[in-house]
Amino acid sequence: MVRALLLESLHPQASTILAGAGVTPVEHRGALDEDELVAALAGVAVLGIRSKTQVTERVLAHAPDLQAVGAFCIGTNQVDLEAAAARGIPVFNAPFSNTRSVVELAIAEIIALTRRLTVKDTTLHAGVWDKSSEGSHEVRGRTLGIVGYGNIGSQLSVVAEALGMSVLYYDTAEKLALGNARRAPDLESLLRHSDVVTLHVDGRSGNAGFFGVEQLSAMREGAIFLNLSRGFVLDHDALADALARGHLSGAAVDVFPHEPKARGDAFTSPLRGLPNVILTPHIGGSTEEAQEDIGRFVATKLRDYLRTGSTSLSVNLPAVALDRVPGTARLAHLHHNVPGVLATVNSVLAEHGVNVDGQLLTTRGAYGYAVTDVGALTPAVLDALRAMPETVRLSVV
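Heads up: these notes are all about the structure in this document. These figures come from a predicted structure and were not determined experimentally. (Residues numbered from 1 in each chain as written. Predicted model: local features only at pLDDT ≥ 70, side-chain atom pairs only at ≥ 80, totals over all residues. Heavy atoms only, no water.)

## Observations concerning empty space enclosed by the protein
Okay, step 1: All told, the structure shown has one cavity of 30 Å³ or more when counted by the stated rule.
Okay, step 2: Its boundaries defined by the atoms lining it, the largest cavity holds a volume of some 40 Å³.
Okay, step 3: Around the largest cavity sit Gly88, Tyr305, Leu317, Ala332, Leu334, Tyr369, Arg393 and Ser395, which together line it.
Okay, step 4: Only β13 (329-336) and β16 (391-396) provide two or more residues apiece to the lining of the largest cavity.
Okay, step 5: Taken together, the residues that form the lining of the largest cavity break down as five nonpolar, two polar and one charged. (1 Å grid on protein atoms, 1.4 Å probe; cavity = no way out; pocket = protein on both sides within 12 Å on 5 of 7 lines; lining within 4 Å. Points joined across faces, edges and corners; volume = space filled by probe spheres on them. Helix = DSSP H or I, 4+ residues; strand = E, 2+ residues; numbered from the N terminus. Nonpolar A, V, L, I, M, F, W, Y, C, P; charged D, E, K, R; others polar.)

Below is the structure:
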(Lines give C-alpha, C1' and ligand atoms only; values in the text may rest on other atoms or scores of the structure.)
Protein backbone atom coordinates (compact mmCIF):
# COMPACT_ATOMS: atom_id res chain seq x y z
CA MET A 1 0.00 0.00 0.00
CA VAL A 2 1.38 3.42 -1.03
CA ARG A 3 0.71 6.03 1.65
CA ALA A 4 0.76 9.83 1.46
CA LEU A 5 1.05 12.12 4.49
CA LEU A 6 -0.69 15.44 3.78
CA LEU A 7 -0.09 18.22 6.33
CA GLU A 8 -1.32 21.78 6.93
CA SER A 9 -4.91 21.43 5.73
CA LEU A 10 -4.30 20.93 2.03
CA HIS A 11 -7.21 21.32 -0.36
CA PRO A 12 -9.34 18.15 -0.74
CA GLN A 13 -8.33 18.00 -4.42
CA ALA A 14 -4.93 16.71 -3.30
CA SER A 15 -6.42 13.70 -1.52
CA THR A 16 -8.89 13.03 -4.32
CA ILE A 17 -6.22 12.97 -7.05
CA LEU A 18 -3.79 10.83 -5.08
CA ALA A 19 -6.50 8.42 -3.98
CA GLY A 20 -7.52 8.05 -7.63
CA ALA A 21 -3.96 6.92 -8.36
CA GLY A 22 -4.13 4.19 -5.71
CA VAL A 23 -2.39 6.20 -2.98
CA THR A 24 -3.85 6.19 0.53
CA PRO A 25 -3.85 9.76 1.91
CA VAL A 26 -3.45 10.45 5.63
CA GLU A 27 -4.36 14.06 6.45
CA HIS A 28 -3.25 16.28 9.34
CA ARG A 29 -4.52 19.83 9.83
CA GLY A 30 -1.40 21.43 11.29
CA ALA A 31 2.34 21.38 10.74
CA LEU A 32 4.66 18.90 12.44
CA ASP A 33 7.97 19.68 14.08
CA GLU A 34 11.11 17.73 13.18
CA ASP A 35 10.70 14.91 15.70
CA GLU A 36 7.00 14.52 14.94
CA LEU A 37 7.70 14.41 11.22
CA VAL A 38 10.42 11.78 11.59
CA ALA A 39 7.98 9.55 13.46
CA ALA A 40 5.10 10.20 11.07
CA LEU A 41 7.04 9.38 7.88
CA ALA A 42 7.53 5.70 8.65
CA GLY A 43 6.13 3.81 5.66
CA VAL A 44 5.15 7.02 3.84
CA ALA A 45 5.97 7.36 0.12
CA VAL A 46 4.61 10.87 -0.53
CA LEU A 47 4.75 13.93 1.72
CA GLY A 48 2.55 16.99 1.10
CA ILE A 49 3.25 20.19 3.01
CA ARG A 50 2.75 23.93 2.85
CA SER A 51 5.12 26.57 4.24
CA LYS A 52 5.41 25.75 7.95
CA THR A 53 6.67 22.16 7.93
CA GLN A 54 10.46 21.98 7.73
CA VAL A 55 11.78 19.00 5.76
CA THR A 56 15.37 18.92 6.99
CA GLU A 57 18.30 16.67 6.16
CA ARG A 58 17.61 14.75 9.38
CA VAL A 59 13.99 14.19 8.41
CA LEU A 60 15.00 12.88 4.99
CA ALA A 61 17.68 10.65 6.49
CA HIS A 62 15.02 8.98 8.65
CA ALA A 63 12.51 8.52 5.81
CA PRO A 64 13.79 5.59 3.70
CA ASP A 65 10.35 4.98 2.18
CA LEU A 66 9.87 8.55 0.99
CA GLN A 67 9.71 8.86 -2.81
CA ALA A 68 8.50 12.42 -3.44
CA VAL A 69 7.67 15.70 -1.68
CA GLY A 70 4.98 18.16 -2.74
CA ALA A 71 5.19 21.76 -1.50
CA PHE A 72 1.63 23.01 -1.95
CA CYS A 73 2.75 26.64 -2.17
CA ILE A 74 5.20 28.78 -4.13
CA GLY A 75 8.30 28.57 -1.93
CA THR A 76 10.48 25.54 -1.30
CA ASN A 77 12.97 27.00 1.17
CA GLN A 78 11.35 24.87 3.90
CA VAL A 79 12.77 21.77 2.19
CA ASP A 80 16.45 20.80 2.10
CA LEU A 81 16.50 20.47 -1.67
CA GLU A 82 20.09 19.22 -1.92
CA ALA A 83 19.53 16.51 0.69
CA ALA A 84 16.37 15.44 -1.13
CA ALA A 85 18.17 15.29 -4.49
CA ALA A 86 20.99 13.25 -2.96
CA ARG A 87 18.38 10.63 -2.01
CA GLY A 88 16.60 10.74 -5.37
CA ILE A 89 13.53 12.48 -3.96
CA PRO A 90 11.97 15.04 -6.33
CA VAL A 91 10.32 18.12 -4.85
CA PHE A 92 7.39 19.74 -6.65
CA ASN A 93 5.75 23.09 -5.96
CA ALA A 94 3.13 25.43 -7.45
CA PRO A 95 5.05 28.45 -8.78
CA PHE A 96 2.10 30.06 -10.57
CA SER A 97 -1.15 28.87 -8.98
CA ASN A 98 -1.63 31.56 -6.32
CA THR A 99 0.06 34.54 -7.94
CA ARG A 100 -3.26 36.25 -8.68
CA SER A 101 -4.42 35.84 -5.09
CA VAL A 102 -1.26 37.49 -3.73
CA VAL A 103 -1.52 40.30 -6.29
CA GLU A 104 -5.15 41.04 -5.39
CA LEU A 105 -4.32 41.16 -1.67
CA ALA A 106 -1.44 43.56 -2.35
CA ILE A 107 -3.67 45.84 -4.44
CA ALA A 108 -6.39 45.80 -1.78
CA GLU A 109 -3.88 46.72 0.91
CA ILE A 110 -2.27 49.47 -1.17
CA ILE A 111 -5.67 51.11 -1.68
CA ALA A 112 -6.73 50.61 1.95
CA LEU A 113 -3.51 52.10 3.34
CA THR A 114 -3.41 54.97 0.86
CA ARG A 115 -6.99 55.90 1.80
CA ARG A 116 -6.26 55.22 5.51
CA LEU A 117 -9.26 52.91 5.67
CA THR A 118 -7.85 51.05 8.67
CA VAL A 119 -7.78 54.24 10.73
CA LYS A 120 -11.26 55.35 9.59
CA ASP A 121 -12.66 51.91 10.36
CA THR A 122 -11.16 51.85 13.87
CA THR A 123 -12.39 55.30 14.83
CA LEU A 124 -15.90 54.70 13.54
CA HIS A 125 -16.12 51.37 15.39
CA ALA A 126 -15.10 53.33 18.48
CA GLY A 127 -18.08 55.62 17.93
CA VAL A 128 -16.14 58.62 16.58
CA TRP A 129 -17.26 60.35 13.34
CA ASP A 130 -14.09 61.53 11.59
CA LYS A 131 -15.00 62.61 8.08
CA SER A 132 -11.84 64.17 6.64
CA SER A 133 -9.65 63.87 3.54
CA GLU A 134 -6.47 64.53 5.52
CA GLY A 135 -3.80 61.94 4.71
CA SER A 136 -6.01 60.09 2.19
CA HIS A 137 -4.90 59.80 -1.42
CA GLU A 138 -5.80 58.16 -4.70
CA VAL A 139 -3.42 55.47 -5.92
CA ARG A 140 -3.69 56.88 -9.45
CA GLY A 141 -0.56 58.84 -10.26
CA ARG A 142 1.46 57.47 -7.35
CA THR A 143 4.61 55.41 -7.82
CA LEU A 144 4.76 51.74 -6.83
CA GLY A 145 8.20 50.25 -6.22
CA ILE A 146 8.31 46.47 -6.61
CA VAL A 147 11.32 44.68 -5.12
CA GLY A 148 11.49 41.29 -6.85
CA TYR A 149 10.05 41.10 -10.35
CA GLY A 150 9.20 37.42 -10.57
CA ASN A 151 5.82 35.77 -11.17
CA ILE A 152 4.02 37.82 -8.53
CA GLY A 153 5.92 41.09 -8.87
CA SER A 154 5.47 41.25 -12.63
CA GLN A 155 1.73 40.49 -12.47
CA LEU A 156 1.31 43.09 -9.73
CA SER A 157 3.06 45.53 -12.05
CA VAL A 158 0.43 45.04 -14.75
CA VAL A 159 -2.56 45.39 -12.40
CA ALA A 160 -1.12 48.44 -10.62
CA GLU A 161 -0.46 50.15 -13.94
CA ALA A 162 -4.08 49.49 -14.97
CA LEU A 163 -5.08 51.48 -11.86
CA GLY A 164 -3.01 54.42 -13.06
CA MET A 165 0.08 53.88 -10.94
CA SER A 166 3.61 54.39 -12.21
CA VAL A 167 5.73 51.28 -11.63
CA LEU A 168 9.40 50.94 -10.78
CA TYR A 169 10.94 47.55 -10.16
CA TYR A 170 14.24 46.19 -8.95
CA ASP A 171 15.54 42.65 -9.33
CA THR A 172 19.03 41.19 -9.11
CA ALA A 173 18.31 39.16 -12.26
CA GLU A 174 17.63 40.57 -15.70
CA LYS A 175 13.83 40.75 -16.12
CA LEU A 176 11.81 42.05 -19.05
CA ALA A 177 9.66 45.02 -18.09
CA LEU A 178 5.92 44.58 -18.70
CA GLY A 179 3.81 47.48 -19.92
CA ASN A 180 5.31 50.82 -19.00
CA ALA A 181 7.15 49.59 -15.90
CA ARG A 182 10.69 50.90 -15.55
CA ARG A 183 13.67 49.09 -14.08
CA ALA A 184 15.37 50.98 -11.24
CA PRO A 185 19.18 51.06 -11.54
CA ASP A 186 19.51 50.02 -7.90
CA LEU A 187 17.45 49.44 -4.77
CA GLU A 188 18.30 52.83 -3.30
CA SER A 189 16.90 54.62 -6.34
CA LEU A 190 13.65 52.64 -6.15
CA LEU A 191 13.22 53.45 -2.46
CA ARG A 192 13.92 57.13 -3.03
CA HIS A 193 11.31 57.52 -5.78
CA SER A 194 8.46 55.25 -4.61
CA ASP A 195 5.32 56.20 -2.70
CA VAL A 196 4.63 52.51 -2.02
CA VAL A 197 7.29 49.80 -1.69
CA THR A 198 6.33 46.12 -1.80
CA LEU A 199 8.61 43.10 -1.36
CA HIS A 200 8.23 40.02 -3.56
CA VAL A 201 11.59 38.30 -3.16
CA ASP A 202 12.16 34.56 -2.88
CA GLY A 203 13.11 32.49 0.14
CA ARG A 204 16.81 31.92 -0.54
CA SER A 205 18.93 32.14 2.60
CA GLY A 206 20.86 35.13 1.23
CA ASN A 207 17.71 37.26 1.49
CA ALA A 208 17.49 36.89 5.29
CA GLY A 209 17.31 40.30 6.93
CA PHE A 210 18.04 42.14 3.72
CA PHE A 211 15.41 44.86 4.37
CA GLY A 212 16.11 46.66 7.63
CA VAL A 213 16.91 50.04 9.19
CA GLU A 214 19.01 51.27 6.28
CA GLN A 215 16.43 50.43 3.62
CA LEU A 216 13.45 51.68 5.64
CA SER A 217 15.25 54.97 6.33
CA ALA A 218 15.95 55.38 2.61
CA MET A 219 12.23 55.30 1.80
CA ARG A 220 10.31 58.50 1.23
CA GLU A 221 8.82 60.28 4.23
CA GLY A 222 5.19 59.18 4.50
CA ALA A 223 5.60 56.21 2.16
CA ILE A 224 3.78 52.90 2.56
CA PHE A 225 5.47 49.52 2.92
CA LEU A 226 4.23 45.96 2.17
CA ASN A 227 5.79 42.55 2.70
CA LEU A 228 3.94 39.55 1.27
CA SER A 229 7.05 37.49 0.48
CA ARG A 230 8.99 35.92 3.38
CA GLY A 231 8.96 36.87 7.05
CA PHE A 232 12.70 36.58 7.58
CA VAL A 233 13.64 39.11 4.87
CA LEU A 234 12.39 42.02 7.01
CA ASP A 235 13.54 43.53 10.32
CA HIS A 236 10.13 43.79 12.01
CA ASP A 237 11.41 45.85 14.95
CA ALA A 238 12.90 48.39 12.53
CA LEU A 239 9.59 48.60 10.66
CA ALA A 240 7.68 49.13 13.92
CA ASP A 241 10.08 51.96 14.81
CA ALA A 242 9.73 53.62 11.39
CA LEU A 243 5.95 53.54 11.75
CA ALA A 244 5.94 54.77 15.35
CA ARG A 245 8.21 57.71 14.40
CA GLY A 246 5.91 58.63 11.53
CA HIS A 247 8.60 58.13 8.90
CA LEU A 248 6.24 55.71 7.15
CA SER A 249 2.51 56.37 6.99
CA GLY A 250 1.37 52.74 6.85
CA ALA A 251 2.32 49.12 6.31
CA ALA A 252 0.86 45.72 5.49
CA VAL A 253 2.60 42.51 6.52
CA ASP A 254 1.40 38.98 5.67
CA VAL A 255 4.47 36.93 6.65
CA PHE A 256 6.47 36.72 9.87
CA PRO A 257 9.82 35.26 11.03
CA HIS A 258 8.11 32.93 13.50
CA GLU A 259 4.57 31.92 12.66
CA PRO A 260 2.20 29.84 14.82
CA LYS A 261 1.89 26.20 13.78
CA ALA A 262 -1.88 25.97 13.73
CA ARG A 263 -5.02 28.04 13.44
CA GLY A 264 -6.02 29.52 16.80
CA ASP A 265 -2.49 29.61 18.26
CA ALA A 266 -1.23 32.80 19.93
CA PHE A 267 0.51 35.41 17.76
CA THR A 268 2.96 38.10 18.85
CA SER A 269 4.60 40.88 16.84
CA PRO A 270 6.04 44.37 17.49
CA LEU A 271 3.63 45.56 14.78
CA ARG A 272 0.49 44.72 16.72
CA GLY A 273 -1.63 47.70 17.76
CA LEU A 274 0.01 50.24 15.45
CA PRO A 275 -2.35 52.52 13.48
CA ASN A 276 -2.68 52.14 9.70
CA VAL A 277 -1.01 48.73 9.82
CA ILE A 278 -2.66 45.69 8.25
CA LEU A 279 -1.56 42.34 9.67
CA THR A 280 -2.73 39.16 7.96
CA PRO A 281 -1.87 35.55 8.93
CA HIS A 282 0.08 34.44 5.82
CA ILE A 283 -3.00 34.40 3.62
CA GLY A 284 -1.55 35.90 0.44
CA GLY A 285 -2.29 32.73 -1.50
CA SER A 286 -5.16 31.57 0.69
CA THR A 287 -8.18 31.94 -1.52
CA GLU A 288 -10.42 29.01 -2.31
CA GLU A 289 -9.59 29.36 -5.99
CA ALA A 290 -5.83 29.37 -5.44
CA GLN A 291 -5.82 26.52 -2.94
CA GLU A 292 -7.94 24.34 -5.24
CA ASP A 293 -5.60 25.03 -8.15
CA ILE A 294 -2.52 24.36 -6.01
CA GLY A 295 -4.02 21.12 -4.71
CA ARG A 296 -4.74 19.96 -8.24
CA PHE A 297 -1.41 21.07 -9.73
CA VAL A 298 0.98 19.62 -7.13
CA ALA A 299 -1.00 16.42 -6.57
CA THR A 300 -1.01 15.82 -10.32
CA LYS A 301 2.77 16.21 -10.43
CA LEU A 302 3.13 13.72 -7.57
CA ARG A 303 0.74 11.29 -9.25
CA ASP A 304 2.59 11.52 -12.57
CA TYR A 305 5.92 10.88 -10.87
CA LEU A 306 4.60 7.76 -9.18
CA ARG A 307 3.00 6.51 -12.41
CA THR A 308 5.61 7.42 -15.00
CA GLY A 309 8.71 8.76 -13.24
CA SER A 310 8.07 12.22 -14.74
CA THR A 311 10.05 14.96 -13.01
CA SER A 312 8.70 17.80 -15.14
CA LEU A 313 8.83 21.06 -13.11
CA SER A 314 10.67 19.43 -10.21
CA VAL A 315 12.72 22.09 -8.42
CA ASN A 316 15.67 19.87 -7.50
CA LEU A 317 16.06 17.06 -10.06
CA PRO A 318 16.61 16.97 -13.84
CA ALA A 319 13.32 17.34 -15.70
CA VAL A 320 12.27 14.29 -17.70
CA ALA A 321 8.87 13.58 -19.25
CA LEU A 322 8.75 10.65 -21.68
CA ASP A 323 5.65 9.16 -23.27
CA ARG A 324 5.45 5.58 -22.16
CA VAL A 325 5.74 2.76 -24.68
CA PRO A 326 2.72 0.48 -24.12
CA GLY A 327 3.44 -2.92 -22.64
CA THR A 328 6.87 -2.04 -21.24
CA ALA A 329 8.47 -1.75 -17.85
CA ARG A 330 10.00 1.62 -17.00
CA LEU A 331 13.35 2.13 -15.29
CA ALA A 332 13.89 5.49 -13.58
CA HIS A 333 17.61 5.88 -12.91
CA LEU A 334 18.95 8.88 -11.00
CA HIS A 335 22.73 9.01 -11.05
CA HIS A 336 25.73 11.22 -10.53
CA ASN A 337 26.35 13.35 -13.61
CA VAL A 338 29.61 11.89 -14.93
CA PRO A 339 30.51 10.78 -18.46
CA GLY A 340 29.54 7.31 -19.66
CA VAL A 341 26.66 6.48 -17.32
CA LEU A 342 24.07 6.00 -20.06
CA ALA A 343 26.48 3.82 -22.01
CA THR A 344 27.00 1.66 -18.93
CA VAL A 345 23.24 1.37 -18.32
CA ASN A 346 22.65 0.26 -21.90
CA SER A 347 25.58 -2.13 -21.73
CA VAL A 348 24.08 -3.79 -18.65
CA LEU A 349 20.73 -4.10 -20.41
CA ALA A 350 22.38 -5.56 -23.51
CA GLU A 351 24.37 -8.10 -21.51
CA HIS A 352 21.12 -9.40 -20.04
CA GLY A 353 19.30 -9.45 -23.38
CA VAL A 354 16.98 -6.54 -22.50
CA ASN A 355 15.86 -4.42 -25.45
CA VAL A 356 15.38 -0.66 -25.11
CA ASP A 357 12.04 0.55 -26.48
CA GLY A 358 12.32 4.20 -25.41
CA GLN A 359 14.82 6.29 -23.51
CA LEU A 360 15.45 9.87 -22.40
CA LEU A 361 18.29 11.37 -20.35
CA THR A 362 18.44 14.85 -18.83
CA THR A 363 21.13 16.31 -16.59
CA ARG A 364 21.01 19.11 -14.05
CA GLY A 365 24.04 20.09 -12.04
CA ALA A 366 25.44 17.13 -10.14
CA TYR A 367 22.76 14.67 -11.26
CA GLY A 368 21.51 12.93 -14.35
CA TYR A 369 18.13 11.24 -14.72
CA ALA A 370 17.48 8.57 -17.32
CA VAL A 371 14.06 7.05 -18.00
CA THR A 372 14.15 3.84 -20.03
CA ASP A 373 11.27 1.70 -21.29
CA VAL A 374 12.27 -1.95 -21.66
CA GLY A 375 10.82 -5.42 -22.08
CA ALA A 376 10.86 -8.01 -19.31
CA LEU A 377 13.16 -7.31 -16.33
CA THR A 378 14.93 -9.74 -14.04
CA PRO A 379 16.31 -9.23 -10.53
CA ALA A 380 19.80 -9.66 -11.97
CA VAL A 381 19.35 -6.58 -14.20
CA LEU A 382 18.14 -4.46 -11.31
CA ASP A 383 20.94 -5.66 -9.05
CA ALA A 384 23.53 -4.79 -11.70
CA LEU A 385 22.13 -1.29 -12.21
CA ARG A 386 21.90 -0.61 -8.49
CA ALA A 387 25.48 -1.79 -8.07
CA MET A 388 26.78 0.89 -10.45
CA PRO A 389 28.89 3.35 -8.40
CA GLU A 390 27.13 6.28 -10.10
CA THR A 391 23.62 5.15 -9.11
CA VAL A 392 21.76 7.36 -6.62
CA ARG A 393 18.33 5.74 -6.92
CA LEU A 394 16.79 3.17 -9.22
CA SER A 395 13.05 2.66 -9.41
CA VAL A 396 10.81 0.45 -11.50
CA VAL A 397 7.70 2.47 -12.37
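## Some thoughts on the layout of surface pockets
Okay, step 1: Looking at the second largest pocket, its volume works out to about 190 Å³.
Okay, step 2: Lining the second largest pocket we find Arg115, Leu117, Lys120, Thr123, Leu124, Val128, Trp129, Asp130, Lys131, Ser132, Ser133 and Ser136.
Okay, step 3: Of the residues assigned to the lining of the second largest pocket, the class counts are four nonpolar, four polar and four charged.

## Overview of the pairing of strand β15 (residues 367-374)
Okay, step 1: Within β15, eight of the eight residues are buried, which leaves it mostly tucked inside the rest of the structure.
Okay, step 2: Judged by which residues are buried, β15 turns out to be covered on both faces: Tyr367, Tyr369, Val371 and Asp373 on one side and Gly368, Ala370, Thr372 and Val374 on the other are all buried.
Okay, step 3: Strand direction decides the pairing type here: strand β14 (residues 356-364) and β15, joined by eight bridges, are antiparallel. Paired with leucine 361 across the two strands is alanine 370, which belongs to β15.
Okay, step 4: Where β14 folds back onto β15 in an antiparallel hairpin, the turn is made up of two residues, including glycine 365, whose phi is positive at roughly 60 degrees. (Buried < 20%, exposed > 50% of the residue type's maximum accessible area, 1.4 Å probe, protein only. Pairing = 2+ DSSP bridges.)

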